[in-house]
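Given next are the chains, with one letter for each unit.
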Amino acid sequence: RTEQRGYLSDPWHAFDVVMVIIGLLTFHPSTLVQLRVLRPFLALRPFRLVPRLSGVRIIASAVVYSIPHVLVLLLLMAVVSLIFGVIGVALFGGKFGRCVDSYGEYVTLDLRVLLEETRRALWQALASTSSEQLASRGLTDFVVRDVHLPTDKLVCIEISSFADALRSLGQAAPDAEWFLPMPNFDNIGEAVLALFQISTLSNWPDIMNCAIDMTGVDKQPVRDAQQQYGYWPAFYFLLTVFICSYVLANLFVGVILQHFARFRGMHDGSLLLSAEQRAWIHTQRKMLKLRPRLLYNEPLHPLRRFCFRLVNKPQWAQWRKHRALYHDARKSDSDSRPSFDERLYHGNKFEAFILLCIAVNTLIFITRHRGQPAWYDNFIDTSSIIFTSVFVLEAAIKLTAFGKRYFKAAWNRFDFFICVMGVTELFVILGGWFSFIPAGTLSAFRAIRVVRVLRLTKRLSALRKIISTLYFSLPQLANVALLLGLAIFAFAVIGIDLLGKAPEPGPYGGVDRQSNFQTFPRAALTLFAAISGENWSDLMWDYRYFAETGQLDGWQPGWALAFWSLYMVTMAYMLLSVFVAVLMEAFEDVREQSQLPIGGDVIKHFALEWSAWDPRCTHFIPVRHLGMLVSTLRKPLAPEGLANDRGKVMALVSALRVPVRDGRVHYVEVLLSLAEQLYWEAAQLPPSAQLIVDRMAMQWLRLYPTLKGMAPVECYSDEPETLEHILETWDGLTSRAAARRRISVAPEDELKQLPSLVAQEVATDAW
């Protein structure tokens, strides 16, 4: 027993016990015949991995939590299917059968004329055959009847019987067989199965076309027979598709989404939080993503300084020049203060040129086609050499400018990898090197270059937001994919045991050489294709036919129907809906974060201003600089007009209670203290959200190792002595900065525009 609950109180532990019991019952060979029905359930054993994977366990538990509500929705679908099924039986019952040839096409000749011709030919063949030959072929008692047959079905069956007799006598005979397509509406059970297939949109136009071709009960269909009546059967199927597929089937997405979010809230304790408390949690998550960076200056070497100015933007120089008025005001020698002339920085032009090269290279690459002329091959090779040289030169310039900092950016690492592949391709094209590498491999690496077009999303904020949302939802999508893979594995093993003995091909075209359950890889691929609705219904009808004809190793037809129905409900309706639920939850988080009082641009601005006072990114600054730091902040972290107002600076610093250790304050404690001014009540989370609090604390410690092992608290920033020290430093630095501003070359209107420039350009590029 655990500390609070018993072992079996956990559903996953109970599942483990059930799997062990089934394994023991089916272990001995003598029990396999009696307990054969339990053998397929052993395929569920891989799900014992789920409790050991926390992310997958949460998603699987959410799916299990939503099962009662899914059953209610299935009951609703069953009621609607019964209503439409009764109508379908009344309209189409017994009217889908047809007389077909060996190719499955309609017999276009008049069936009664064909019957008379076949009967006449059989009479002549029997008359010209001796009794010994008839006896050897089993036709001694064969009677050629000349009776009136009221339906086309009986006529077709009679033609088929006469044709078999003619073939046994070595005579030519017509191909005719009465065929009943699947699905049909001959009874309520078949009608419900037909409607279930229509709800998945699998081959539903074929069912509608059968209804449009019908002429009557047990009568031969005619192409577009209902055209003269305005295609009235089409309205039935269009209404069925709209209600059963577009409405009821999509309700699964809504049910899964609602209960998935509810279960996640129950699991981490966020279900009972108020809107302000959830906003406080989202704000902290945003803070975790936006951190201070190293503040770098120009290199001293002339070549590196030239490359540095070539790739950096003028906005960076404007910001550094403006911040130097404060940060470098501590220096007494004005000549030691670095100058930042934005006219010397050409990062905007350089970035535009590289993006243009990426776009042109992508356009040229996607125009490749099979059978292109030789001159176009030479053109593509030449352009590849040119653009590879440009990209290699870009990487060399950035490496020269930034040094080892170049590899800290993910895009730079990806660009460097593309350059390496491009240089390898050049060696192959020009010198014939690396001939042992297959040609297809180099073409694949060349195709990776197209991914660089995503750099264009820097200029498209909406597209960048979508891509970042997808990126941050990848871990949860991976958990759903793993759960989906486990389910496919289980169903594949069950399918091999249940359907693996079936021959091929099937009468309805579903089972063939590619789609079957004879081996595990084929079974898994067949099931994966069925999730998308690709001919899964034909597979179900084929295996039902094999079961009815005794070709499924004794399994009854109901098992085949239950297998495919359960698979489609579980996979297509439930698990695929979890993908939508994860994405919707991610986009909902993005929407909530966009409405936060403290937005991402405000946090970026704070982190950037912190970097001006902490260029080494130690996460600590002297407490005396706290007043200068808060005077540069923007709303809502700080009130307006704070830069030159000593009273407002004193009021804001007095409201903060930041711990001081060794005369320094920490970045995280300052940022949280500022944010808590807006979330004072919401920052106190209830005990039910302790899991969120613990996770958030672990993330803070993981991203900021300097929080571990800090010195004890000496005092707090709001104490009188500390506050007086902060204001003295603010007075001194402000007076010096004012003197320097008067001799600065930066005009005042540019300084007023700097906050927006920082938010738009510096925060995303200059770091």
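Predicted model only: the values in this text are computed from it and were never measured.

An account of the overall build of the protein is requested, with residue identities and associated values reported.
Looking only at helices and strands, one finds 28 helices and 6 strands in the protein. Within the protein, the proportion of its 767 residues that are buried is 45%. For the protein, the accessible area works out to roughly 39200 Å², and carbon and sulfur atoms hold 61% of it.

Could you give an account of a negative patch on the surface, with specific residues and numbers?
On the surface, a cluster of negative charge is made up of Glu-719, Glu-721, Glu-724 and Glu-728. On the secondary structure map, Glu-728 appears in helix α27 (residues 720-743). For Glu-728, a relative accessible area of 48% puts it in the partly exposed group.

I'd like a description of the environment of Ile-397, backed by residues and values.
Within the secondary structure layout, Ile-397 lies in helix α14 (residues 374-402). Looking at Ile-397, the relative accessible area reads 12%, which means it is buried.

Give a description of the side chain of Arg-544 that names residues and reports values.
Relative to the assigned elements, Arg-544 resides in helix α20 (residues 536-548). Apart from residues no more than four positions distant in its own chain, Arg-544 is found in contact with Met-182, Glu-190, Leu-193, Pro-557, Ala-560 and Leu-561.

Any chance you could break down the state of the cysteines for me, citing the residues and the numbers?
All chains considered together, the criterion is met by 1 disulfide. With a sulfur-sulfur separation of 2.1 Å, Cys-99 is cross-linked through a disulfide to Cys-156. Handedness of the Cys-99-Cys-156 disulfide follows from its S-S torsion of about 75°: it is right-handed. Here Cys-156 lies in helix α6 (residues 152-168) and Cys-99 lies in strand β1 (residues 98-100), a separation of 57 residues in the sequence.

So, unusual backbone geometry: which residues are in play, and what are the values?
The omega angle of the peptide bond from Met-182 to Pro-183 is 5°, so this bond is cis rather than trans. By the element assignment, Pro-183 lies in the loop between β2 (177-179) and α7 (188-199). Going from Glu-504 to Pro-505, the amide bond is cis rather than trans, its omega being 0°. Tracing the chain through its elements places Pro-505 in the loop between α18 (474-499) and α19 (520-531). A positive phi angle, near 55°, is found at Asn-203, a position not held by glycine. The topology assignment puts Asn-203 in the loop between α7 and α8 (204-213). The phi dihedral of Tyr-231 falls on the positive side, at around 55°, and the residue is not glycine. The topology assignment puts Tyr-231 in the loop between α8 and α9 (232-268). Judged by relative accessible area, Tyr-231 falls into the partly exposed class, the value being 30%.

So what about the confidence of the model for the protein? Which residues, and what values?
Predicted confidence across the protein gives a mean pLDDT of 81, with 86% of residues reaching 70 or more. Predicted confidence in the protein is weakest over helix α28 (residues 748-766), with a mean pLDDT of 38, and strongest over α7, with 93. Counting contacts from residues 325-337, a segment whose pLDDT is below 50, to residues more than four positions away or on other chains yields 29 contacts. Residue range residues 743-767 is modelled with pLDDT below 50. Its contacts to residues more than four positions away, or to other chains, number 43 contacts.

Tell me about helix α24 (residues 646-655), and please be specific about residues and values.
Looking only at α24, the buried set comprises Val-649, Leu-652 and Val-653. Down the axis of α24, the buried side of the element spans an arc of 95°, and every buried residue falls inside it.

Describe in detail the packing of aromatic side chains, supporting the description with residues and values.
Under the counting rule described, the total for this entry stands at 39 aromatic pairs. The interplanar angle of 25° and the centroid separation of 5.5 Å between the aromatic rings of Phe-92 and Phe-237 together place this pair among those described as stacked. Highlighted residues: Phe-92 in helix α3 (residues 67-92) and Phe-237 in helix α9, separated in sequence by 145 residues. Each residue in the set Phe-491, Phe-517, Tyr-543, Tyr-545, Phe-546, Phe-563, Trp-564 and Tyr-567 is aromatic and connected to the rest through ring pairs, giving one cluster. Between Arg-657 and the ring centre of Tyr-716, over which it is positioned, the NZ or CZ distance is 4.0 Å. Lying over the aromatic face of Phe-620, Arg-664 brings its terminal NZ or CZ to 4.2 Å of the ring centre.

Talk me through a nonpolar patch on the surface; I want residue IDs and the actual numbers.
Together, Trp-411, Val-451, Leu-454, Leu-460, Leu-463, Ile-466, Ile-467, Leu-470 and Phe-587 line one region of the surface with nonpolar side chains, adding up to about 690 Å² of accessible area. Broken down by element, the residue count for the nonpolar patch peaks at 4 residues, all from helix α17 (residues 461-472). Topologically, Val-451 is positioned in the loop between α16 (439-448) and α17. For Val-451, a relative accessible area of 38% gives the class partly exposed.

Give me the packing of α18 against helix α21 (residues 557-594): which residues, what numbers.
In contact at an axis separation of 10 Å, α18 and α21 are set at 175° when each is read in the N-to-C sense. Considered as vectors, α18 and α21 are oriented roughly antiparallel to each other. Taken together, the residues of the contact of α18 with α21 break down into 23 nonpolar, 3 polar and 1 charged.

So what's going on with the side chain of Thr-729? Which residues, and what values?
Residue position: Thr-729 is located in helix α27. If we skip the residues at most four places from it in the chain, Thr-729 touches Arg-624 and His-625.

Provide a residue-level description of the environment of Leu-288, including the pertinent values.
As for its placement among the helices and strands, Leu-288 is situated in helix α10 (residues 275-289). Leu-288 gets classed as buried once you look at its relative accessible area, which sits at 6%. A C-alpha to C-alpha distance of 9.9 Å links Leu-288 and Ile-603, two positions 315 residues apart in sequence. Aside from chain neighbours lying at most four places away, what touches Leu-288 is Met-696, Gln-699, Trp-700 and Leu-703.

Outline the nonpolar core, supporting the account with residue identities and numerical values.
Counting 92 residues, the largest nonpolar core has Tyr-543, Trp-564 and Tyr-567 as the members making the most contacts within it. At 15 residues, α21 tops the list of elements feeding residues into this core. In this structure Trp-564 touches Leu-499, Phe-517, Leu-527, Ala-530, Trp-536, Leu-539, Met-540 and Tyr-543, once residues within four positions along its chain are discounted. Trp-280, Val-630, Ala-638 and Tyr-667 belong to the second-largest nonpolar core, a separate cluster that totals 54 residues.

Each value, and the rule that gives it
Residues numbered from 1 in each chain as written. Predicted model: local features only at pLDDT ≥ 70, side-chain atom pairs only at ≥ 80, totals over all residues. Heavy atoms only, no water. Helix = DSSP H or I, 4+ residues; strand = E, 2+ residues; numbered from the N terminus. Buried < 20%, exposed > 50% of the residue type's maximum accessible area, 1.4 Å probe, protein only. Areas by Shrake-Rupley, 256 points an atom, 1.4 Å probe, with all protein chains shown as cover. Patch = residues over 30% accessible without salt bridge, like charges linked within 9 Å, V, L, I, M, F, W, Y side chains within 5 Å. Salt bridge = Lys/Arg side-chain N within 4 Å of Asp/Glu carboxyl O. Lys, Arg positive; Asp, Glu negative; His and termini not counted. Charge placed at Lys NZ, Arg CZ, Asp CG, Glu CD. Contact = heavy atoms within 4.5 Å. Disulfide = S-S within 2.5 Å. pLDDT = per-residue confidence, 0-100. Arc of directions from axis to C-beta. Phe/Tyr/Trp six-rings, centres within 6.5 Å; stacked < 30°, edge-to-face > 60°. Lys NZ or Arg CZ within 6 Å of the ring centre and 35° of its normal. Axes fitted to C-alpha atoms, helices over the stretch in contact; angles between N-to-C directions. Parallel < 35°, antiparallel > 145°, perpendicular 65-115°, else oblique. Nonpolar A, V, L, I, M, F, W, Y, C, P; charged D, E, K, R; others polar. Core = buried A, V, L, I, M, F, W, Y, C linked by side-chain atoms within 4.5 Å.

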